[in-house]
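These are the residues of each chain, in order.
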Amino acid sequence: MIYTIIANIGFKDSTNIYYGINFRTIENLSSDKLHRLIKQMKSKGVVIFCGAAVSEKKPSSIPLTSKFTLSLLTKLFQNENYDIEDFKENLPRLETLLQIIRDAHGETFIDALKPMEYNSPNRNHRIIVELAKCGWISHIVTTNFDLFLEKAFRISGFSESKNSFGDKSLLKTFKFKNIEIPLLKLHGCISEPSSLIATIRQFAIGLPEIKQDLLLSIIDKKPILFIGYSGSDFDISPVLFDSKMNEIWWLSRGKKSGMNPKRERIMSKFKSNEIIMDISEFLEARLKQSEQKLEDLQLEETLEIEKTIDRWVKGIYPAMRLLICANILHFLGFIDKSLYFYSKTREKCLEDGNLDSIEKIKVQIACALGEGEILEKKENRTDAKKRYLEVLKISRDDKFIPMKCLAFCKIGKLLIDSANWDDAKLKYMGALKIANDNNLIDQQAMALSGLADILYYAPKNESELEKAIGYYQESLLNYQHSGNLQGQMDCYEDIASIVYLKGRYDLAIENDSMCLELAKDMGDKYKEAFSLGNIGTCYVTKGEFLKGIEKLEKAVRVCESIGDSDRFHQYLGNLGRAYMEFGKLQHAREKIQKAVKWFEQTKNKSYLVHYLTALGEISIREGKNKDAIGILNRSIAICKEINDRYELVHALYFKAIAQFELGNKEGSLMICRIALPISLEQEDRYMEGALKELRGELENDISFLNEALEIFTTLGVENKIQEIKQTIMKYNAK
């Protein structure tokens, strides 16, 4: 159970100046929970878990991650006449941004973090140390890189003693008389840059076992006070959840905690108390109760992080900075804007005299790969292939083997898209050999996923689909080992697609939900929208229309926020289908017509047939069966033109329904007999069941109805189950 304590405790400082509300009054308002914490601190001490907000105030002056991220983005784009407002709605995680910078430019971003090493501790750090000095705190755990707690210990007269562990970037022990306070730094220390866990891949790999063991040894069966920590770190939150913490108090800023799901999950498991108040006010009140004295210090000059970021960005070569900007925009889903920045990067690379030949090739390869991926998303496969062939041409040096392997995989995917299965397999097998020979884990995973794609998309049977799932799962393990969240999301997404096709909708939702969680962790809006859209479609197929509509509306909003017009209209059309199933036909028609109009304009026939078929279905539900047949005939013609047999069977089914409604039972039955084998060939269990249901009604054959009922029972589609049961009851009554 989670208890919430709302308190804004006032205090008097050393000069007797009063701040805040009367201390005694507020203490009385929250007496039980807060007094239990104070009693625990006084008797045995608590473990303090410090997050970034502890170091925010002067003279430490380290901004919270969101402010740090926005500042870094602003400096990177400051000379590009770019509207920074784009980022305020789609702010990536700081760890994701640092990963993009590291991939393009190495680890030089450490220079932007100098204030963490140079600045002085603030009163928060010093009070924490004073409370440790009087026995109120037994251990300190922190995710912060800075040296402020270490400096505060030394100011307070503590000395650093040797510990048996040895790695000072992880565990330090401070001693004062007979008191020893361990300081555990889970994400490393700025004094040892190689120890820092700062990028999304490092987070994704998870805490090493030795760190997990140390953390658990400190927090198990002990009371914990979280101060200034969000709980959103996905390398730490699983360890906290699986621990045996005794009771926890979580100090939250502001009137509302804005609790994230990871923290909420932790607090729901343990005996938890939320204290809503300012960090400094809470600590000052505890200092007063402890009767410790805190002397004011003459402060050294504070190094502002804004200035160090600015200095660091100005030190990046122009072409490299533009590449970082292009990659950021690409990641955030601003594909047209990122194409423009890749073009600018190429131009600047040619004239940038600071880059050596190897660096220029690296920039050119990165641009070609980025442009190729964007052109794929825009379905311009011809130009995408040219970019990947460019990578192969300029990556002959052994230094570029990973990029060469990646290009082989990208070309393999294009060959799959053109149904050139044999050549695609050769490319992926070649990539897999290169990856195995050079121990390239990501490329191994990508090649395995490609081989799975061939089994999935090529003419297939049940055993090949199961084999494809096995390849995807093997690929997923590789990506988890390397910390590649993007690859993990792709695998979850692909597994979800196969199990959806096989009618295992709950398993599809489970895998798409894993993808969604990772997308939110990364701040990947493109994948977030994709996962929401897939989950919504699963719910609609299951007949859970309200859940489906909720997810699809979220997907539409996310796509709109990043300017992804194709996905926006795709999910708008899917939302229309959900409204149609829910009986709101006018809402449905408006949305689906917008999707049809968009995909007509963009000449995207794959999506066009999908929404034309949906428009035909709406016309049937409105009783406009002749109009429906005209729309569906157009959809059928396009399906045959592009050889889309999956959509063809759907269009044929609804045409059969329209003929049935018009009284043309012979025509309807003939279409059913054509469509049913196609549904079996495509392993589309839903359409197989729907066609057997219709055929059972047309031929007065209850065996078809029973087969349809069995299929929909297996799929768990409740509305179809009830519909068929009612039809069977009517036949039995006759």
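Here goes a summary of the coordinates provided. In this text the structure is predicted, and so the values were computed from the model without any measurement.

A separate point is the packing of helix α23 (residues 485-501) against helix α24 (residues 505-522). Where α23 meets α24, the axes come as close as 8 Å, and the angle between the chain directions of the two elements is 160 degrees. In terms of orientation, α23 and α24 fall into the roughly antiparallel class. The crossing of α23 and α24 is left-handed. Of the residues in α24, those in contact with L485, Q486, Q488, M489, Y492, E493, I495, A496, V499 and Y500 of α23 are Y505, L507, A508, N511, D512, M514, C515, L518, A519 and M522.

What the rule picks out here adds up to zero disulfides. Distance from the sulfur of C325, which forms no disulfide, to the nearest cysteine sulfur (C367) is 12 Å. C325 sits in the buried class, given a relative accessible area of 0%. Here C367 is not cross-linked by a disulfide; its sulfur's nearest cysteine counterpart is in C349, at 7.1 Å. By relative accessible area, which is 0% here, C367 ends up buried.

The omega torsion across K58 and P59 is 0 degrees, close enough to zero to call that bond cis. Tracing the backbone through its elements, the reader meets P59 in the loop between β4 (46-50) and α3 (65-76). You will see that S61, though not glycine, has its phi angle at about 60 degrees, which is positive. Note that S61 resides in the loop between β4 and α3. Of note in this structure, A419 is not a glycine but carries a positive phi near 60 degrees. Mapped onto the fold, A419 is located in the loop between α19 (401-417) and α20 (421-437).

Moving on, we come to the packing of aromatic side chains. What characterises a pair of aromatic rings is the spacing of the ring centres plus the angle enclosed by the ring planes. One pass over the structure, following the stated rule, counts 21 aromatic pairs. Note on F226 and W250: the rings are 4.0 Å apart at their centroids and 10 degrees apart in plane angle, and the pair reads as stacked. Placement of the pair is F226 in strand β9 (residues 224-227) and W250 in strand β10 (residues 247-252), with a sequence separation of 24 residues. Exposure remark for F226: the relative accessible area of 0% places this residue in the buried category. We classify W250 as buried; its relative accessible area is 0%. Ring centres of F599 and Y607 lie 5.1 Å apart, and the angle between their planes is 35 degrees; this geometry places the pair in the tilted category. Taken together, the aromatic side chains of F77, Y82, F87, Y340 and F341 make up a single cluster linked through ring pairs. Directly above the aromatic system of F334 lies the positively charged group of K337, at a separation of 5.1 Å from the ring centroid. Its guanidinium or amino end placed over the ring of Y526, K377 lies 4.4 Å from that ring's centre, counting from NZ or CZ.

How each quantity is defined
Residues numbered from 1 in each chain as written. Predicted model: local features only at pLDDT ≥ 70, side-chain atom pairs only at ≥ 80, totals over all residues. Heavy atoms only, no water. Axes fitted to C-alpha atoms, helices over the stretch in contact; angles between N-to-C directions. Helix = DSSP H or I, 4+ residues; strand = E, 2+ residues; numbered from the N terminus. Parallel < 35°, antiparallel > 145°, perpendicular 65-115°, else oblique. Left-handed = near helix turned anticlockwise from the far one by under 90°. Contact = heavy atoms within 4.5 Å. Disulfide = S-S within 2.5 Å. Buried < 20%, exposed > 50% of the residue type's maximum accessible area, 1.4 Å probe, protein only. Phe/Tyr/Trp six-rings, centres within 6.5 Å; stacked < 30°, edge-to-face > 60°. Lys NZ or Arg CZ within 6 Å of the ring centre and 35° of its normal.

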